[in-house]
Amino acid sequence: MATYKEDVGTAVTNYAGNNPAVVDGELWYDSTNKDFKYQYPSVTAAGSWRTASNINTARDQQASATYGTPTAALVFGGQDVPGSVYDNTETYNGTSWTEVNNLTTGRDQLYGSGTYTSSVASGGQNPSGNLTDTELWNGTNWTEVNNLTTARRLGGASGISSTSALTTSGYTTTNVANVESWNGTNWTEVNDVNSARRGTSSFGTQTSSLYSGGYTTTAVALTESWNGSNWTEVGDLNTARGVMAGGADNTTGLVFGGGYISGSVKTELWNGTSWSEQNDLTLARYSTIGSGASGATAALAISGQQPGSPTFITAVEEWTGAGAPVGAWSTVNSMNTARMNFGSVGTSTAALGFGGRPPSTAVNEQYNGTNWTEVGDLTTARHSMATSGTTTSALSSGGETDSAYVGNVEEWNGSAWTETTDLNTLRGEAGGAGASAESALVFGGASPPGKHALTESWNGSSWTEVNDLNTTRFQVTSGIGKTNTAALCVGGRNPPPSYLANTELWNGTNWVEQNDLNTARATAAGQTGTNTSAIAAGGYSGTAYVANVEEWNGASWVEVADLSAGRSGAGGAAADNTSAIVYGGYNGTATITSTEEWSSSSNTTKTVDTD
């Protein structure tokens with residue numbers, strides 16, 4: 001690919017403000033702010049799975065609106081023990097699942113197609129046997145309509161609405177090859193598949209569909225393509241199994257999970273000709289269900305059963321296809337003093353870094369978006385404190401000196417630190433969050449001989465104990481949350497020294513479990529966003545100093561572009577997950593001063609330092 005220089009030359013454009021017409025690699029002069037600016041190339045991701053919000057009812061052998069999206073999905077029917085079938089229905093809005101009106105006939109192993117507002121449920125089984133029953137969903141209720149011609153279960157379904165669907169193959173007392181087409185009123189037999197099987201999946205439309213995997217006497221990799229009239233054998237899956245899938249038509253889609261008893265994490269992408277291996281699911285599962293109108297770029301893997309376990313799961317994962325922009329890290333000016341486990345507050349253009357070790361220091365530095373400058377030191381040299389606030393109004397709470405844990409709290413007014421009321425429980429390695437020196441939260445931490453789940457809230461003059469964390473922990477990611485009524489506690493360690501991935505949300509009264517990090521870690525960079533928009537950067541996993549970075553959208557974590565190198569105990573500052581800085585820390589060999597700046601895919605313009 002030609003570079004910007006090769007295509008355009010070396011002339012610098014003059015533009016007032018951020019130029020909306022720039023391309024990756026272009027330099028221009030912002031005449032309003034009198035700065036040279038550079039459009040930083042945005043990194044694109046390989047396809048990957050991220051945790052999403054759990055469904056309410058654990059189950060398998062359910063059905064979904066296969067033409068749904070990751071922000072608008074429908075799941076119905078299923079079972080949690082053989083012979084005990086569900087009629088309940090849940091909808092997903094991209095953040096949470098909601099129970100809605102039930103199916104008229106409870107069943108599992110049923111066919112599902114359409115969208116979350118216009119879907120078809122047909123066939124399946126319940127204790128009375130194989131079913132022909134068909135129901136239509138209009139976004140509010142299920143209504144019984146004309147039955148399938150052949151009672152069956154465990155086949156594939158595709159279609160884009162309640163007036164257009166296809167049921168493919170399946171099982172009665174033996175595998176069947178028959179296919180039926182739905183026109184909104186009646187089912188009509190059309191041409192059979194070439195290979196009768198069960199445990200299959202389909203994606204696409206009534207006239208352009210793909211049918212893959214399943215079982216004859218053993219698992220098969222066979223794939224067949226439907227053109228509206230006939231089935232044609234095409235390229236096999238790489239891994240034979242019963243699978244679940246999502247896709248737009250017979251030229252693009254995704255299969256994932258599957259198997260029987262053994263389960264699978266395998267994910268494969270169909271390009272119209274062949275299947276290619278993609279990044280695996282986080283959890284191996286079988287009898288899962290898929291939803292995704294364009295499985296190549298977006299899909300959901302919903303509940304199911306894990307191998308070797310009698311327990312049905314509620315876990316949901318979301319697929320983001322290859323090529324999605326994930327942002328980038330760039331190196332900016334370094335701190336003056338190398339250190340780790342120090343306090344940090346602020347944003348990517350206005351931040352503080354105070355205290356730290358080794359040995360314990362009181363040094364405080366301020367960042368203005370370009371340079372670090374030493375400002376007023378802490379009163380007490382220490383490290384591993386909980387922090388909260390901004391560059392003009394902050395708290396440094398608890399921590400450790402070189403010889404002891406401390407409970408003392410200092411308040412920053414923009415120019416100097418002043419001692420204020422101590423914590424009720426002295427501790428270090430705790431998390432902190434808050435809007436200013438007048439409003440803060442401290443949670444978790446350690447002070448021999450114990451580790452803590454304790455949470456204290458600050459009102460500007462005194463500390464009050466409030467409800468504990470669900471998980472005792474220390475070395476948490478400090479400061480995700482800009483108020484004392486809305487914060488996140490992310491990762492950390494608990495005894496025995498196990499590294500945690502779990503995330504808890506403070507809602508002003510209680511801590512509530514949320515979706516886990518993808519990589520368990522302690523001492524990730526702190527003060528990196530809000531309870532709805534944040535990043536977790538770096539840390540220590542128990543075996544390595546990690547460069548891994550994850551982005552939080554208020555519901556789940558997804559891996560994005562890594563730091564240039566692994567580091568633990570770094571400072572961090574961010575208003576949200578679109579821009580941040582990570583600075584200092586320990587890289588496994590030495591404490592460091594380097595600073596890296598994050599720009600998400602929506603914010604990749606850099607100002608060039610010309611001093």
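Heads up: the structure comes first, above all this text.
Just so you know, these numbers come straight off a predicted model, no measurement behind them. (Residues numbered from 1 in each chain as written. Predicted model: local features only at pLDDT ≥ 70, side-chain atom pairs only at ≥ 80, totals over all residues. Heavy atoms only, no water.)

### Thoughts on the overall build of the protein
Part 1 of the reasoning: Each helix and strand counted, the protein has one helix and 60 strands in total.
Part 2 of the reasoning: A compact globule built from 611 residues would reach a C-alpha radius of gyration of about 25 Å, and the protein, at 28 Å, matches this within 12%.
Part 3 of the reasoning: Summarising its shape, the C-alpha atoms of the protein cover approximately 80 × 65 × 40 Å along the three principal directions.
Part 4 of the reasoning: Out of the 611 residues in the protein, the part that is buried amounts to 57%.
Part 5 of the reasoning: For the protein, the share of sequence-separated contacts (at least 6 apart) that also reach a separation of at least 24 residues comes to 51%.
Part 6 of the reasoning: For the protein, the exposed area adds up to about 21,800 Å²; of that, 48% sits on carbon and sulfur atoms.
Part 7 of the reasoning: Looking at charge distribution, the protein has the averaged site of its 24 positive side-chain charges lying 3 Å from that of its 53 negative ones. (Helix = DSSP H or I, 4+ residues; strand = E, 2+ residues; numbered from the N terminus. Rg over C-alpha atoms; globule rule 2.2 N^0.38 Å. Buried < 20%, exposed > 50% of the residue type's maximum accessible area, 1.4 Å probe, protein only. Contact = heavy atoms within 4.5 Å. Areas by Shrake-Rupley, 256 points an atom, 1.4 Å probe, with all protein chains shown as cover. Lys, Arg positive; Asp, Glu negative; His and termini not counted. Charge placed at Lys NZ, Arg CZ, Asp CG, Glu CD.)

### Details of unusual backbone geometry
Part 1 of the reasoning: Across the junction of R357 and P358, the peptide omega takes the value -15°, indicating a cis bond.
Part 2 of the reasoning: Within the element layout of this structure, P358 appears in the loop between strand 35 (351-354) and strand 36 (364-367).
Part 3 of the reasoning: Between P448 and the following residue, P449, the backbone shows a cis peptide bond with an omega angle of 10°.
Part 4 of the reasoning: One can find P449 in the loop between strand 44 (446-447) and strand 45 (450-451).
Part 5 of the reasoning: A positive phi angle is found at S169, which is not glycine, with a value near 55°.
Part 6 of the reasoning: Residue placement: S169 occurs in strand 19 (residues 164-171).
Part 7 of the reasoning: Of note in the backbone geometry, T523 takes a positive phi value of approximately 50° without being a glycine.
Part 8 of the reasoning: Considering the arrangement of structural elements, one finds T523 in the loop between strand 53 (511-514) and strand 54 (534-537).
Part 9 of the reasoning: T523 sits in the buried class, given a relative accessible area of 14%.

### Section: the sheet that holds strand 19
Part 1 of the reasoning: Across the sheet, which stays open at both edges, the four strands sit in the order 18-19-20-21 with antiparallel pairing between neighbours. Looking at which strands have only one partner, the edges of the open sheet turn out to be strand 18 (156-161) and strand 21 (187-190). Each strand of the sheet is rotated relative to its neighbour by a mean of 25°, with strand direction disregarded.
Part 2 of the reasoning: As judged from the five bridges shared by strand 18 and strand 19, these two strands associate in the antiparallel manner. Of the residues in strand 19, the one forming a bridge with G156 is T168. (Pairing = 2+ DSSP bridges. Axes fitted to C-alpha atoms, helices over the stretch in contact; angles between N-to-C directions.)

### Some details on the sheet that holds strand 35
Part 1 of the reasoning: Ordered in space as 34-35-36-37, the four strands form an open sheet in which the pairing is antiparallel. This sheet does not close on itself; its edge strands, each paired only once, are strand 34 (343-346) and strand 37 (372-375). The average angle at which neighbouring strand axes cross in this sheet is 20°, direction not considered.

### A few points about the nonpolar core
The nonpolar side chains of a soluble globular protein tend to be buried with one another.
Part 1 of the reasoning: Core analysis: the largest hydrophobic core is formed by 18 residues, its most contacted members being W49, W97, F256, I302 and V316.
Part 2 of the reasoning: Broken down by element, the residue count for this core peaks at four residues, all from strand 31 (residues 298-305).
Part 3 of the reasoning: Residue contacts for I302: discarding those within four places in its chain leaves I55, Q62, V75, W97, R285, T288, I289, S291, A315 and V316.
Part 4 of the reasoning: Formed by 15 residues, the second largest nonpolar core is a distinct cluster that contains V549, L563, A570 and A574. (Core = buried A, V, L, I, M, F, W, Y, C linked by side-chain atoms within 4.5 Å.)

### Focus on the pattern of salt bridges
Part 1 of the reasoning: For the structure shown, the criterion picks out twelve salt bridges.
Part 2 of the reasoning: Linking E317 and R285 is a salt bridge whose minimum nitrogen-to-oxygen distance equals 3.0 Å. Remark: R285 occurs in the loop between strand 29 (275-277) and strand 30 (289-294) and E317 occurs in strand 32 (residues 312-320); sequence separation between them is 32 residues. For the pair E317 and R285, one class covers both residues: buried.
Part 3 of the reasoning: E504 is the salt-bridge partner of R473, the closest N and O atoms lying 2.8 Å from each other. Here R473, found in the loop between strand 47 (463-466) and strand 48 (477-480), pairs with E504, found in strand 52 (residues 503-506); they are 31 residues apart in sequence, far enough to count as distant.
Part 4 of the reasoning: Residue classification places R473 among the buried positions, given a relative accessible area of 0%. (Salt bridge = Lys/Arg side-chain N within 4 Å of Asp/Glu carboxyl O.)

### Overview of the pairing of strand 36
Part 1 of the reasoning: Summarising the sheet, strand 35 and strand 36 pair through four bridges and their orientation is antiparallel. Across the sheet, F354 pairs through a bridge with N364, a residue of strand 36.
Part 2 of the reasoning: As judged from the four bridges shared by strand 36 and strand 37, these two strands associate in the antiparallel manner. Paired with E365 across the strands is E374, a residue of strand 37.
Part 3 of the reasoning: In sequence, strand 36 turns back onto strand 37 through a hairpin of four residues, with G369 there showing a positive phi of about 100°.

### Quick look at the packing of aromatic side chains
Part 1 of the reasoning: Applying the stated criterion to the full structure yields 22 aromatic pairs.
Part 2 of the reasoning: Ring centres of W49 and W319 lie 5.3 Å apart, and the angle between their planes is 55°; on these two criteria the pair is classed as tilted. Of the two residues, W49 is situated in strand 5 (residues 48-52) and W319 in strand 32; the sequence distance between them amounts to 270 residues. Each of the two residues, W49 as well as W319, counts as buried.
Part 3 of the reasoning: Aromatic pair W270 and W275: ring centres 5.1 Å apart, planes at 45°, arrangement tilted. W275 matches W270 in its accessibility class, with the two residues each being buried.
Part 4 of the reasoning: An aromatic cluster is defined as three or more aromatic residues linked by ring pairs; in this entry it consists of F342, Y367, W372 and Y583.
Part 5 of the reasoning: The ring of F342 carries R339 above its face, with NZ or CZ at 5.4 Å from the centroid. (Phe/Tyr/Trp six-rings, centres within 6.5 Å; stacked < 30°, edge-to-face > 60°. Lys NZ or Arg CZ within 6 Å of the ring centre and 35° of its normal.)

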